[in-house]
Each structure stands twice: as structure tokens, then as C-alpha cells.
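Listed below, chain by chain, are the residues.
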Amino acid sequence: MPYPSFEQYNQAFQVHARLLADPELKSGTVTTTGLGLPLAISGGFALTYTIRSGQKKYAVRCFHRASKALERRYSAISKRLSSLHSPYFLDFQFQPKGISVDGSSYPVVKMAWAQGETLGEFLESNYANPSALSKLSTAIGSMAGYLEREKIAHGDIQTGNLMVSGGGSVIQLIDYDGMYVEEIKDLGSAELGQVNFQHPLRKVSNPFAPTIDRFSFIALSLALKALQADKSLWAKTSSEVDAVLFRANDFIDPGSSSVFALLSANSLLALDAKHFASVCKSSVEKVPSLSDFLAGRNLPTVEVKLAGTSAANYQKPGYIGAYAVLSAYLCLSGV
């Protein structure tokens, strides 16, 4: 079905007390811009508004573009997460008739506001703090193990979707658009994840299974271990909020990657770098769990020479950005 436009939603949120179905949201206050208009953050197929109700703060997502079986997908994810009562997930409710716009009802997602800061922000301030990195590594390992046991997956594990608090000891996931739960396995993947944390073949094979987070957890875990061993790697690899040590190009050709070469030159990291290079050059299906990777179990056997330079006849791929880039020319010309 067609969803309301940005303008229609903005008009609705100016009188949200009349048009939202949820009593807590109806009684809350919508965050506004300097002009007094509802502040909306636009995403791929949803707009997110912020509502404060008493001491609580919520993100309210309204859909403006159809996604593959959107309502069934969100309903299943909401039901599964509610059954878990897990501290890794925020209070998340899919409301099929959450808002009325021009006389018709449309779904919304009501999500509690996360505490702390994003993983990217946390690492920018703490990449040289061994204690914080140790706590964070333990927390990420625990989360990865929990998702494995529950046979669910987030689908886009990256620095912007992990919220960190407690000095690195507490982490929570946000943005559940691409989650895998058993009930919707037939729907396929709704997204591919941020490329600086994804297997280089994910886009090609587009898997949708409880194992799709494995590569991301390994990449993050190895990056944190490397920074604990040598904090100068943050600057040497031009790390930032959207890329921690590695970037998509490193995964495509670890043999020519300067990052892999730096890790392989460190005796504390060399074996892990070798194993991770093998994971990068194998199929998505052969990526081991984080616990197996750390224990050296079920690893792919592909041999990769981490020379840091390309073979003479090898043509390196062009730069791959973390996010899609639109052509300004095409946008202005209406193409």
C-alpha cells in the first residue's frame, strides 16, 4: 500500500495527540526544529520522530516507502524481541494502526531511546584506553554468543548501531530493520549492512540466516584486540566513527591491504590477521562464529599472503564508501 509523504507525516505530528493511537505517545511532546516544526530524521524507508513522555523518551518510526512485506517483517521482529526480555534490545513495539493520516491508519514502530553513545563515538574517545577496550571486547563477545544461541541476527552490526555505556561494559543494539528471525526467513534480507563491517561477498549472495552477523563481530573483535596491542593503529589506519581499522577494500583483497600487513607484522596479532584474511577470501557460508574464530576452530583453509602490496597484474578495486553516494548531476537533471 502507498504510505503518506514526508509533508503529510509532518502535518500529522503537529497534532499528534489527536492522530497517534498509543496513549503514552499521545500525551508526550514532539521534538521540534528551530522553526517549531516536528523534527524528522529520514532513513531508507522511514521517518523517525522523537517524543518525550514524562521521564521517558521514544523514537517513533513512520514508513514512507514500501519495503518487502514490511508489516509482516516488523510484526515478527517485535513479537520475537518481546519474548526475549533481553537487555541487548530496546523496548520495541510494532503498532499496525499507530497513526491516522488523512482518515487512514498506518503502522508505526515505537522504540525506547537508547542510553550512552554510539560505538563509533565511544571508540573515538577510548581507542587508547585498554580497560575500556577490554570491557567492550567482553561485552561484544557475550552479545555475539547470545545471538548465536537464540538463532537470531541483527543484520547490520556496525559502529552506528551499537550503543555503549558503563565505560564499555554495557552495549545495546538499535535499528532492527534488517533483523533475521525464524518466522520471516522466507522474506529474504531487507538490507545489506554497512560495508566496512560486512563480508565482501554479502552483497552478491545476500544471505538471510542467523549467521549473518558473524563476520561483523569478528571484524570488530579483531580491531579491538589490535588497538589494545597497539593504540597507534587507530591513526595509522585512519580509523573513524564509520571504520575501525578495516574498510571494505581491505576485505576484498587482504593480501594487498596495508592494514592486514600492519597486523601481520605484530607477533600478538599475526595469527589472527592470517585467519581473518582466510575468512575474507572464503564464502559467506564458511564464516565461523566469533567464539570459534577466537578459539581457532572451524576456520576456512584459504591461504593468503599478507604482503601489503598487489601483484603486478592485479587491478585494485576503486574506493568503496561506507554509504551509497548519489550523483548530484543525476539528481539535478531529474534522471
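To start, this report covers the structure provided alongside it.

The rules we used
- Residues numbered from 1 in each chain as written.
- Predicted model: local features only at pLDDT ≥ 70, side-chain atom pairs only at ≥ 80, totals over all residues.
- Heavy atoms only, no water.
- Core = buried A, V, L, I, M, F, W, Y, C linked by side-chain atoms within 4.5 Å.
- Buried < 20%, exposed > 50% of the residue type's maximum accessible area, 1.4 Å probe, protein only.
- Helix = DSSP H or I, 4+ residues; strand = E, 2+ residues; numbered from the N terminus.
- Contact = heavy atoms within 4.5 Å.
- Phe/Tyr/Trp six-rings, centres within 6.5 Å; stacked < 30°, edge-to-face > 60°.
- Lys NZ or Arg CZ within 6 Å of the ring centre and 35° of its normal.
- Pairing = 2+ DSSP bridges.

1. Notes on the nonpolar core
Here comes step 1: With 97 residues, the main nonpolar core has Phe89, Tyr176, Leu245 and Phe276 as its most contacted residues.
Here comes step 2: Looking at this core, the element that brings in the most residues is helix α8 (residues 214-229), giving 10 residues.
Here comes step 3: Not counting chain neighbours up to four residues away, the residues in contact with phenylalanine 89 comprise Leu81, Leu84, Tyr146, Leu147, Ile152, Gln172, Leu173, Tyr176 and Met179.

2. Some details on the packing of aromatic side chains
Here comes step 1: Counted by the stated rule, this structure contains 19 aromatic pairs.
Here comes step 2: Ring centres of tyrosine 74 and phenylalanine 92 lie 6.2 Å apart, and the angle between their planes is 25°; this geometry places the pair in the stacked category. A residue pair is termed long-range when its members are at least 10 positions apart, and tyrosine 74 in helix α4 (residues 70-84) and phenylalanine 92 in strand β5 (residues 92-101) qualify at 18 residues.
Here comes step 3: Overall, phenylalanine 92 belongs to the buried group, its relative accessible area being 3%.
Here comes step 4: An aromatic cluster is present here, built from Tyr3, Phe63, Tyr74, Phe89, Phe92, Phe94, Tyr106 and Tyr176 joined pairwise through their rings.
Here comes step 5: The ring of tryptophan 113 carries lysine 57 above its face, with NZ or CZ at 4.2 Å from the centroid.
Here comes step 6: Of note, lysine 110 hangs over the ring of tyrosine 58, and the distance from its end group to the ring centre comes to 4.6 Å.

3. Quick word on the pairing of strand β6 (residues 104-112)
Here comes step 1: Taken across its 9 residues, β6 has 7 buried, putting it largely inside the fold.
Here comes step 2: As defined by bridge partners, strand β4 (residues 56-63) adjoins β6 across 5 bridges and the pair is classed as antiparallel. Bridge pairing in β6 places tyrosine 58 opposite alanine 112.
Here comes step 3: Across 7 bridges, the pairing between β5 and β6 is antiparallel. Bridging from a neighbouring strand, valine 101 pairs with serine 104 of β6.
Here comes step 4: Counted along the chain from β5 to the antiparallel partner β6, the turn is 2 residues long, and its residue aspartate 102 has a positive phi close to 50°.

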